[in-house]
Structures are given as structure tokens and as C-alpha cells.
Amino acid sequence: MTEQANQLVYAPPRHPWRFRLRAQHIPLLATFVVCLMLYTAACIYLRDRGFFSLSVFISFFSDNAFLGLTAIGMTFVILSGGIDLSVGSMIGFTSILIARLMNPEPFTLFHHTITLPVFHPLVAIGVALIAGSFLGLIQGVLIQFFELAPFLVTLAGMFFIHGLAQVISLSSIGIEHPLLDKLSDFAIPIGSASVRFPEIVFAVVALSAIYISRYTKFGRTIYAIGGNEQSAILMGLPVARTKVLIYALSGFCSALGGVIYALAKWSGQSEGGLGLELDTIAAVVIGGTLLTGGLGSILGTILGVLIVSIIQAAIIFQGTLSSSWARIMIGALLFVFIVLQKILSSRARS
Amino acid sequence: MNATNPILLQAMSVTKLFPGVVALDAVNFSARAGEVHALMGENGAGKSTLIKVLTGFYPRDGGQILLDGKEIRPKTPAHAQQLGISTVYQEVNLIPTLTVAENIYLGREPTFFGKIRWRRLNRLAEQAMSRLNLHIDVKRDLGSYSIAIQQMVAIARAVDVKAKLLILDEPTSSLDSGEVQQLFAIMRQLKSLGLGIIFVSHFLDQIYEISDRITVLRNGKLVGEYLTRELPRVELITKMMGRELATFETGLATSVASDSDLKPPILEAKRLGKRNAIEPFDLEVRQGEVLGLAGLLGSGRTETARLLFGIDRPDKGEIQIDGERARMISPADAIARGFGFCSEDRKAQGIIPDLTVRENVILALQASKGWLRFFSRRKQTELANHYIKALNIATRDADTPIKNLSGGNQQKVLLARWLALDPRFLILDEPTRGIDVGAKADIQKLILSLCQQGKAVMFISSELEEVVRCSNRVAVLRDRRKVRELTGAEINEHNIMATIARSDA
């Protein structure tokens with residue numbers, strides 16, 4: 001015991017090479033291996049159906065761009081040791097809000113009939129993003145300053161936001177605008193395939209999120225809070241401010257997911273994205289982020305979303321399996337990953 | 001070292017009130033540059049409160065604090081840090097999942113237009129650690145290092161904030177003696193650089209080794225400030241306790257009963273062992289006797305206790321209870337047979353912080369009676385009050401949350417929980433760690449009174465003196481093996497240490 005301790009104190013680092021496998025990298029590595037194996041297996045099994053192609057690969061991101069965006073926000077929340085259950089209903093809410101702002105109907109408030117003007121889609125999107133961030137911020141404030149459990153606050157937020165969406169409209173509202181046509185036609189060709197607007201938004205947000213998590217004080221404070229909140233406070237980090245901002249950020253990301261959802265569906269739907277919070281949490285956990293916070297990465301979450309997409313796409317390509325099999329596989333993977341995390345964290349402690 | 005050292009921090013008539021308690025009553029305190037100033041007092045004397053007021057954890061209710069002659073009013077620990085007062089606590093308050101380097105610079109990372117410069121940060125961290133003569137890989141996560149190293153990282157962080165005053169709040173509680181020396185070397189180095197250090201510890205030897213000056217608090221009041229070299233130990237203890245030491249020094253040894261061998265054993269372990277925990281051993285526990293377990297940290301003391309209490313399953317040997325072979329596969333079995341186990345880590349495995357003293361006392365008793373059996377509130381309060389009185393527990397009443405009590409008093413509540421079950425064999429694993437002299441004496445007295453009632457006690461402690469004073473028989477462990485059993489006149493510190501130190505056998 002003493003000998004070992006002394007060695008740790010006096011001996012210079014024994015391993016000269018620079019990139020050593022560290023315990024905290026194992027979950028990410030596991031995610032990467034699983035992702036690669038799934039993709040390879042699907043490509044071999046579905047080689048006759050053209051699964052192995054760039055356009056299919058890009059479609060992984062376009063089909064699930066709203067899931068990916070939401071999962072990035074969720075990663076920050078989970079890294080800090082929290083949870084955000086309101087993200088699913090936020091998608092429905094923002095999509096319906098955008099659609100309604102672009103297609104207003106007269107409504108009565110306190111016996112006055114109010115008619116809003118028709119808003120330009122960019123204005124509608126701006127309003128929706130601000131509303132989403134604001135709703136996230138409010139939840140953050142409740143969690144931080146009233147010391148309430150994130151699970152409960154965001155559960156309430158989930159019902160509240162879903163209700164708001166239903167008040168705006170129970171039925172779906174279509175959207176049309178020349179600008180949206182242009183956005184939809186916009187494509188950057190890459191070889192035989194092309195990258196479109198949802199993928200670009202996802203890529204920009206993902207890169208920014210990686211930067212934020214690795215290279216900013218805000219990002220590192222999130223990790224510190226998740227590692228040990230009490231210590232983070234005693235170390236003089238701006239814990240309160242950061243925690244509130246995390247939920248605002250998650251609100252923003254899921255609102256952006258709602259924007260992409262509305263653009264993809266050409267409509268707003270108050271029921272859109274319902275239950276997506278659980279898929280999001282699954283993607284984050286499969287991505288190697290510890291549910292108790294402190295360990296994990298945005299890159300992992302992107303791989304997690306990719307894994308979910310590969311499973312879904314492979315089952316669609318296969319053709320005869322029902323989509324329930326996607327759920328079964330994701331469920332099984334989740335089991336594997338939470339067991340892996342348990343083993344790793346208990347070994348790190350001993 | 002002398003009175004000419006300039007005063008760095010001066011607290012004048014600092015007062016702190018808690019509901020119903022005056023935690024600090026117009027206390028004066030000063031820390032000088034280039035000095036180690038020990039803050040001494042029993043549990044509840046106000047040491048922690050004073051430190052928390054100095055570091056901005058609590059606002060003060062009265063008085064003045066001057067730092068370098070200017071009045072300060074720290075609002076948060078972060079604010080106190082900016083002012084130059086840094087604190088390292090007993091529990092390492094860092095982030096185990098981040099690297100050593102990041103832990104040192106978290107919140108103060110070198111940046112370039114808001115972008116953290118990781119290479120520079122790692123290099124700075126290496127320099128900061130080597131200033132403390134520590135050469136470790138700063139890119140590994142903190143959690144992979146021992147507590148001692150983590151504590152030194154905490155010091156490196158504290159010092160690197162350009163601290164003027166460093167407060168070390170019981171930093172040595174979980175360190176072994178080699179690590180303590182390493183820590184002291186760092187403290188001396190910092191002292192020579194002109195830093196003021198406030199040092200809180202329960203270990204008198206350490207206080208006398210490292211401190212220049214001692215301030216004693218008692219019941220929230222200042223007893224006095226003394227130069228360490230002018231204050232004999234006995235006097236220091238007398239000042240801390242406010243009573244004569246004699247009351248607990250004598251009266252203990254007399255009870256060492258010599259006829260305990262005649263009493264039948266309650267429990268016998270025969271070649272009991274578990275791989276990677278403790279080598280097979282024989283052990284007898286007899287009625288009316290205190291069996292001491294002595295050995296260094298990690299020698300297998302706790303492991304032995306866990307086997308006897310059914311927490312871990314032995315893979316060799318057997319246990320006989322009252323002469324019959326017994327299978328103990330869970331603590332519930334042990335409790336059903338009238339055993340009790342007061343664990344070492346009272347924070348993690350013992351107390352439930354938000355429950356009241358009453359509820360914490362009643363817990364095990366309720367469990368043993370079954371959760372459906374109703375236990376009247378009046379009876380609960382009676383029982384709790386009985387133990388508050390009998391064990392001298394300092395609490396406002398039975399319905400105070402246990403987290404509001406000091407460590408020693410929490411320990412007593414934990415003891416009360418087991419005593420309420422009226423066990424015939426009680427295992428006490430480090431019951432006196434981190435608690436003050438008075439509470440220690442109370443617990444030692446309790447152990448002896450249990451024996452007089454014919455109960456058996458297994459007493460585990462790192463303080464040899466305590467083991468010697470309380471035990472009728474001492475089993476000495478070394479490197480996960482029981483190496484010797486001492487009885488009667490053989491029991492003294494010299495014999496135990498010689499046994500532990502011997503390298504053969």
C-alpha cells in the first residue's frame with residue numbers, strides 16, 4: 001500500500017507513449033466498435049440491395065437529423081447529471097408553432113378576437129427557437145433555484161409543452177413558402193450523393209457542440225458538475241449559471257430539431273416527436289455517456305444516433321422484418337451498454 | 001516561527017448563530033504569514049464553523065475579518081479564493097472523472113480567445129505538481145490515484161490560485177504515515193514561501209510536529225492562543241475538554257478482567273478465511289471480553305469483521321456459535337443471533353443524514369421487529385432520549401436531523417442504534433476515528449460497561465494506545481494474516497508494534 005503510494009508520488013510516469021487507452025475512453029471505443037460492426041454486417045448482409053453506398057450513409061443523418069439535434073442537447077444535460085424529458089413534446093410544439101405563425105387563424109382571448117399577421121418562415125423559425133430556449137431556461141431555473149429534481153421538472157415540462165402544442169392546433173397544419181422550396185432543393189453534391197439542409201444543420205451543430213464540450217470553460221464546467229456537483233461549487237465554478245444554461249441549450253437543440261421536423265414533413269404536428277425523449281436518452285447512453293453524469297462525449301452521441309439509424313435503415317432495407325425489431329435491437333444494445341458502464345464505473349472506483 | 005511574523009488574517013469577535021445555537025461566540029483568531037497555525041477543539045467547538053465563515057460558506061452574524069489589514073466579507077468559497085483564502089477539505093473536493101491537470105486549473109484554464117489551451121494547461125499542471133515535488137502523469141484522471149495524491153492535487157490547486165492563506169481541514173485523516181510525511185514536507189515548503197497555513201487535525205502528534213501556534217476553541221468560544229512549544233500536551237487536552245484528563249485515563253485499565261478465559265465463547269472461527277481478503281485464522285470471542293484487533297490500514301481488520309458478521313462469505317473454514325456450527329450468509333442472520341456491527345465508514349454505510357436522531361436510533365430495532373410492527377412515537381422518543389443521555393450525545397433534541405450533529409455525536413447515535421438491539425456481541429470498526437478526545441473517552445467507557453454487562457465486543461482501531469487501554473485480548477494482523485494473539489500483561493504498545501513490524505512468521 002505504502003510502497004504503491006510512494007511509487008505514485010516519486011516515480012515519473014512509466015509509460016512514455018502518448019496515446020494510452022484510458023478507462024474513460026472505453027465506452028466511446030465500445031460504441032465505435034459496435035457501430036462499425038453493425039455497419040459492416042448490414043453492408044455484407046444487404047449487399048444485393050445497395051446498402052453500402054454514400055447516399056444511404058448520408059440518409060442515416062438526414063432521416064434522424066431531428067433525433068441527432070435533440071440528442072446533442074440531451075448529452076449536455078446528461079453529462080451534468082440531469083435529464084430532460086421535455087424534448088419530445090418540444091419538437092411537436094415548435095413544429096406546430098412555426099406552422100401556425102405562417103398560417104394564422106383568428107382566436108379569442110379574454111373575449112377579444114385576435115388575428116395575427118402571416119409571418120415569414122424565418123421569423124416563425126426565430127420565434128420558435130427563442131420560445132424553445134426560453135422554455136428550457138425556465139425549467140433550468142426551477143431545477144437550480146428551487147432545488148427540484150430534473151426528472152420531475154422536465155416531466156411537468158413535457159406535459160405543459162405538449163398541452164401548449166395542442167392548444168395551438170390539434171390537427172396538423174401544412175406549410176408552404178418559396179423559401180422553403182429553395183431550402184428543400186438546396187444540395188451540395190458529393191460524388192454520387194448530395195448533402196442537404198438537415199445534414200448541414202446537424203453537422204454545424206455537432207461540430208459546435210464538440211468544440212463547446214472540449215474547448216470552452218462552459219463545457220468543462222458541465223463535466224465537472226456531472227463528476228461531482230458539490231466539489232464544483234467548492235472549486236468556485238459557476239454551477240448555478242451553467243446548469244440553467246444547459247437546460248436552455250437543450251431547449252434550443254430540441255426546438256431546432258422541431259424546425260427540421262417541420263421542414264421535413266412540410267407541416268407542423270402537435271403530436272410529432274411524442275415519446276422521442278426516450279429514443280434520445282437511448283442514443284446518448286448507447287453513445288457511452290454515463291447516466292449519472294461526468295463521463296461521455298458528443299462524438300459518442302453522434303455514433304449512438306448513427307447506430308440507431310443503421311438498425312432502422314437495415315430493417316427497412318431487409319423488407320420482411322417488422323419495425324419492432326429495431327426496438328428490440330436498440331433495447332438489447334442498451335442493456336449491453338448499461339452493464340458495460342456499471343462494470344467500468346465499479347472498476348474505476350476500486 | 002516567532003511573534004514578529006506579520007499577521008495575515010485577523011478575525012475579531014466573529015459570531016455565528018444557528019437556530020438555537022451560538023456556534024461562534026465573539027471569537028478572535030489570527031493567522032500569520034509563514035506559520036502553521038493549528039485550530040483545536042472538540043467536536044462542536046466551532047472549528048468547522050469558523051473555517052466556513054472564513055471561506056465564505058456561511059455569512060457571519062457579527063465581528064470583523066481583516067486580510068492584510070483590509071476588511072473582507074467573503075460571500076462564497078470562490079470569492080474567498082479570489083481574496084487569497086483557499087481551503088482543502090478532508091474529503092477531496094475535486095472531480096474524479098477529470099484529469100489531474102484539469103482539476104488543478106478548472107475555472108482558471110489558460111485560454112486563447114475563449115479556447116482552452118490544453119497543451120499549455122498540461123504543462124502548467126506538471127510545473128505546479130513538480131513545485132510540490134510530485135512527479136505524476138497529470139493527464140490521467142484523478143480518480144485513478146490514491147486519496148493521498150488526490151489531496152496533494154487539491155493542495156496544488158489551492159496554492160496555484162495565488163493563495164495567501166491555505167486552510168487544511170483534517171487533511172490527514174485518510175493518509176498513512178508515509179503520506180502524512182509527504183504532506184508535511186509540502187506544508188513546510190509552502191510555509192517557507194511565506195504562506196499562512198491553518199491546520200485542523202485530531203492527531204496530537206501531528207499537531208506537535210508541524211504547527212507553530214495553537215488556537216483552542218471550546219463550545220464556540222475562544223479558550224486561547226498559544227505557541228506550540230510552550231504548551232504541554234496534557235494542558236492542551238485539558239483546555240480542549242475543559243475537564244481533567246484523569247477522568248478517562250484511569251478507571252479503564254482496572255476493568256481488564258483476568259478470568260475472562262473461564263467464560264464460554266460466543267463465537268469461534270476455525271480456519272476461517274477468504275481469498276484476497278484474509279488468510280485462514282482461528283479466533284474466539286468470549287462473553288464479557290473486549291477483543292482488540294490491531295494492525296495497519298489494509299492488514300485485514302475490516303475484512304475479518306465482515307466475515308464474522310456475514311457480510312462477505314468465507315471460502316474456507318467455519319464459524320461456531322455457542323459451540324455449534326453455524327451458517328451465516330447475511331448480516332440479517334448475524335443480527336438474528338444477537339450480533340451488531342458498527343461500520344467504519346459512518347457517512348457511507350451508517351447514518352441516514354436527513355432522518356432525525358430518533359429515527360436513526362430506531363432503524364435497526366424496527367428492522368429486527370419487522371416493518372409492520374407498530375412502534376409508538378412515545379416509545380421511540382423515550383428510547384432515543386435514553387441514549388442521548390446515556391451516551392452524552394450533544395443534540396438539541398431527539399428530532400434534530402442527524403446531519404446537524406458533529407462527527408463524534410453521529411458516531412454515538414450509530415452506536416445507540418446497535419445498542420437498542422441489545423446485542424450480545426458488538427463489532428466496532430474504528431468507532432473513534434475522526435472524533436474528538438471527549439467523545440472518544442465516552443465511547444471507550446461505553447465499551448467497558450458493555451463488557452461488565454457480560455457482552456462481547458470486538459474493537460478495531462488504528463490507535464494502538466486505545467486498543468491497549470480497552471482490550472482484554474488483542475489479535476494482531478499483518479498483511480491479511482492473523483499473526484499473534486496477546487493477552488493480559490503482554491498487551492502493550494511495544495509488543496503490538498514489534499509484532500506488526502516483524503517481517504518473518
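Each chain has its residues counted from 1, following the order in which its sequence is written. Here every chain gets a letter starting at A, and every ligand a number starting at 1, in the order they are written. Reporting of local features is limited, given that this is a predicted model, to residues whose pLDDT is at least 70; pairs of side-chain atoms are given and counted only at 80 or more, and all residues count toward the totals for whole chains, interfaces and linings. Side-chain measures were taken over the full set of non-hydrogen atoms in the model, leaving aside hydrogen atoms and water.

1. So, the overall build of chain A
Using the following cut-off: Only DSSP runs of H or I reaching four residues or more are called helices, and only runs of E reaching two or more are called strands; each is numbered from the N terminus. Each radius of gyration is computed over the set of C-alpha atoms, and the globule rule expresses the reference value as 2.2 Å times the number of residues to the power 0.38. Residue burial is assigned from relative accessible area. The probe radius is 1.4 Å, only protein chains are included, and a residue is buried under 20% of its type maximum, exposed over 50%, and partly exposed in between. What makes two residues a contact is simply this: any of their non-hydrogen atoms within 4.5 Å.
Helix and strand counts for chain A stand at 15 helices and 6 strands. Taking 2.2 N^0.38 as the reference for a compact globule, 350 residues should give roughly 20 Å; the C-alpha atoms of chain A span a radius of gyration of 22 Å, in line with that estimate. Taken along its principal axes, the extent of the C-alpha atoms in chain A is 80 × 60 × 35 Å. Taken over 350 residues, chain A has a buried fraction of 49%. The long-range share in chain A, meaning contacts at least 24 apart out of those at least 6 apart in sequence, stands at 77%.

2. Here we look at the overall build of chain B
The condition is simple: What sets the accessible areas is the Shrake-Rupley method with a 1.4 Å probe; for residues, cover comes only from the shown protein chains.
The number of helices and strands found in chain B is 18 helices and 22 strands. Its C-alpha radius of gyration of 24 Å places chain B within 12% of the 23 Å reference for a compact globule of 505 residues. When the backbone C-alpha atoms are referred to their principal axes, chain B occupies close to 75 × 50 × 50 Å. Here chain B holds 505 residues, and 56% of them are scored as buried. Taking the intrachain contacts of chain B between residues at least 6 apart in sequence as the baseline, contacts between residues at least 24 apart amount to 66%. In the structure as shown, chain B presents an accessible area of about 21500 Å², 51% of it carried by carbon and sulfur atoms.

3. Here we look at the pairing of strand 1 (residues 7-18) of chain B
A regular strand carries its side chains on alternate faces of the sheet. Rules: Strands pair, by our definition, only if DSSP identifies at least two bridges between them.
Across 8 bridges, strand 1 of chain B lies against strand 2 (residues 21-32) of chain B in antiparallel orientation. Pairing of A11 of chain B across the sheet is with F29 of chain B, part of strand 2 of chain B.

4. Overview of the sheet that holds strand 5 (residues 70-71) of chain B
Sheet strands line up and pair through hydrogen bonds in the backbone, either parallel or antiparallel. Residue and element names in this part refer to chain B. Pairing in this open sheet of 4 strands is antiparallel, and the strands run 2-1-4-5 from one edge to the other. Edge positions in the sheet fall to strand 2 and strand 5, since each of these pairs with one other strand and no more. Sheet topology places strand 1 next to strand 4 (residues 62-67); 5 bridges connect them, and they run antiparallel. Along strand 4, the bridge assignment pairs L9 with L67.

5. Remarks on the side chain of R417 of chain B
Residue and element names in this part refer to chain B. How we decide: Just so you know, the count uses Lys and Arg for positive and Asp and Glu for negative, and it drops His and the chain ends. Any carboxyl oxygen of Asp or Glu that lies within 4 Å of a side-chain nitrogen of Lys or Arg is treated as forming a salt bridge with it. Polar contacts, as used here, are pairs of N or O atoms within 3.5 Å; protein pairs need one atom able to donate a hydrogen and one able to accept it. Residues neighboring in sequence count only if both atoms are side-chain atoms.
For R417, the position within the fold is in helix 15 (residues 407-419). Although buried, R417 forms no salt bridge, and the nearest oppositely charged side chain, E359, lies 10 Å from it. There is a polar contact of 2.8 Å between the side chain of R417 and the backbone oxygen of N360. With near-sequence residues (within four places) excluded, R417 lies in contact with G350, I351, I352, N360, V361, L363 and A364.

6. A short note on the environment of S192 of chain A
Mapping S192 of chain A onto the fold places it in the loop between strand 4 (187-190) and strand 5 (193-196). Through-space distance from the C-alpha of S192 of chain A to that of S53 of chain A is 9.0 Å; in sequence the pair is 139 residues apart.

7. A few points about a nonpolar patch on the surface
Residue and element names in this part refer to chain A. Formally: The patches reported here contain residues having more than 30% relative accessible area and no salt bridge. Joining distances are 9 Å for like charges and 5 Å for nonpolar side chains (Val, Leu, Ile, Met, Phe, Trp, Tyr).
There is a patch of nonpolar side chains on the surface, built from F134, I138, V141, L142, F145, F146 and L148 and spanning about 660 Å² of accessible area. Tracing the backbone through its elements, the reader meets L148 in the loop between helix 6 (121-145) and helix 7 (150-168). On the basis of relative accessible area, L148 is assigned to the partly exposed category, the value being 41%.

8. Details of the domain arrangement of chain B
What counts is decided by this rule: Domain extents, as shown, originate in an automatic or database domain assignment.
Each domain of chain B was delimited in the assignment, giving domain 1 (7-246), domain 2 (252-338 + 423-505) and domain 3 (346-422). Distance between the C-alpha centres of domain 1 of chain B and domain 3 of chain B: 32 Å.

9. Some words on the interface of chain B and chain A
Rules: Buried area: the accessible area, evaluated with a 1.4 Å probe, that two parts lose upon being put together, summed over both parts.
On the side of chain A, 33 residues touch chain B, which itself brings 40 residues to the contact. Among the residues chain B hides against chain A, the three largest losses belong to N93, I95 and T97 of chain B. Together they make up 15% of the total. Scanning the region where chain B abuts chain A turns up 2 salt bridges. In this structure, E102 of chain B engages R220 of chain A in a salt bridge whose closest nitrogen and oxygen atoms are separated by 2.4 Å. Linking chain B with chain A are 6 residue pairs in polar contact (both at pLDDT 80 or more). Put simply, the parts of the chain that give the side of chain B that touches chain A at least two residues each are helix 2 (77-83), helix 3 (100-105), strand 8 (115-116), helix 4 (118-131), helix 5 (147-160) and helix 6 (177-192) of chain B.

10. What to know about the nonpolar core
Definition in use: Remark: nonpolar core denotes a set of buried residues (Ala, Val, Leu, Ile, Met, Phe, Trp, Tyr, Cys) joined through side-chain atoms within 4.5 Å.
Membership of the largest hydrophobic core comes to 149 residues, with the highest contact counts inside it found for F51 and F60 of chain A together with M40, I155, L166 and M187 of chain B. With 12 residues, helix 14 (residues 298-318) of chain A is the single largest residue contributor to this core. Residues in contact with F60 of chain A, not counting those within four places in the same chain, are Y39, F51, L306, S309, I310 and A313 of chain A. Counting 66 residues, the second largest nonpolar core, distinct from the first, contains I278, L307, C342 and L450 of chain B.

11. Description of the pattern of salt bridges
Residue and element names in this part refer to chain B. The full count for this structure, using the stated rule, is 31 salt bridges over all chains. The partner of R301 in a salt bridge is E430, and the shortest N-O contact between them spans 3.2 Å. Linking R301 in helix 10 (residues 301-308) with E430 in the loop between strand 19 (425-429) and helix 16 (437-452), this pair joins segments that are 129 residues apart in sequence. Each of the salt bridges in this network shares a partner with another, and the network as a whole consists of E289, R473, K482 and E485.

12. Details of the packing of aromatic side chains
Note the following rule: Classification of ring pairs rests on two measures: the distance between centres of Phe, Tyr or Trp rings, Trp counted by its six-membered ring, which must be within 6.5 Å, and the angle between planes, read as stacked under 30 degrees, edge-to-face over 60 and tilted in between. Any Lys NZ or Arg CZ found within 6 Å of a ring centre and within 35 degrees of that ring's normal is scored as a charge over the ring.
In total, this model carries 18 aromatic pairs over all chains according to the counting rule given. Here the aromatic rings of F57 of chain A and F61 of chain A are separated by 5.8 Å at their centres, their planes lie at 70°, and the arrangement is edge-to-face. Residue F57 of chain A and its partner F61 of chain A are both found in helix 3 (residues 54-63); the two are separated by 4 residues, about one turn of the helix. With a centroid separation of 6.0 Å and an interplanar angle of 80°, the aromatic rings of F57 of chain B and Y58 of chain B are classed as edge-to-face. Using a relative accessible area of 23% as the deciding quantity, one classes Y58 of chain B as partly exposed. Cluster of aromatic residues (ring-pair linked, three or more members): Y39, F51, F52, F57, F60, F61, F202 and F317 of chain A. The side chain of R220 of chain A reaches across the aromatic face of Y223 of chain A, ending 4.6 Å from its centre. When the ring centre of F57 of chain B is taken as reference, the NZ or CZ atom of K52 of chain B above it lies at 5.5 Å.

13. Focus: the confidence of the model for chain A
Stated precisely, the cut-off is as follows: For every residue, the predictor assigns a confidence score, pLDDT, that lies between 0 and 100.
Residues of chain A with pLDDT of at least 70 account for 91%, and the chain-wide mean is 87. Counted against residues more than four places away or in other chains, residues 1-19 of chain A, with its pLDDT under 50, gives 23 contacts.

14. Thoughts on the pairing of strand 9 (residues 165-169) of chain B
Residues and elements named next belong to chain B. Across the 5 residues of strand 9, 5 count as buried, placing the element largely inside the fold. Side-chain alternation along strand 9 places L165, I167 and D169 on one buried face and L166 and L168 on a second face that is also buried. Taken together, the 4 bridges between strand 6 (residues 85-88) and strand 9 define a ladder with parallel strand orientation. Across the sheet, residue S86 finds its bridge partner in strand 9, namely L166. Relative to strand 10 (residues 196-200), strand 9 runs parallel, the two sharing 5 bridges. Each bridged residue has a counterpart across the sheet, and for L165 the counterpart in strand 10 is G196.

15. Some details on the confidence of the model for chain B
Residue and element names in this part refer to chain B. With 90% of its residues at a pLDDT of 70 or more, chain B has an overall mean of 83. Contacts of residues 244-260 to residues separated by more than four positions or lying in other chains number 22 contacts, the stretch itself having pLDDT below 50. Model confidence for the complex: the whole-complex pTM is 0.71, and ipTM, which rates the interface, is 0.82.

16. Describing helix 6 of chain A
Quick reminder of the rule: Here the expected span of a helix is defined as 1.5 Å times the quantity of residues minus one.
Along its 25 residues, helix 6 of chain A runs 36 Å from first to last C-alpha, staying within 8% of the 36 Å computed at 1.5 Å per residue. Downstream of helix 6 of chain A by one or two residues, E147 of chain A has phi in the positive range, about 50°.

17. Some details on the side chain of R473 of chain B
Residue and element names in this part refer to chain B. By secondary structure assignment, the location of R473 is in strand 21 (residues 473-478). Polar contacts involving the side chain of R473 include one to the side chain of E485, which spans 2.5 Å. When neighbours within four sequence positions are excluded, R473 is seen to be in contact with E284, V285, R286, E289, V290, L291, G292, E485, L486, T487 and I491.

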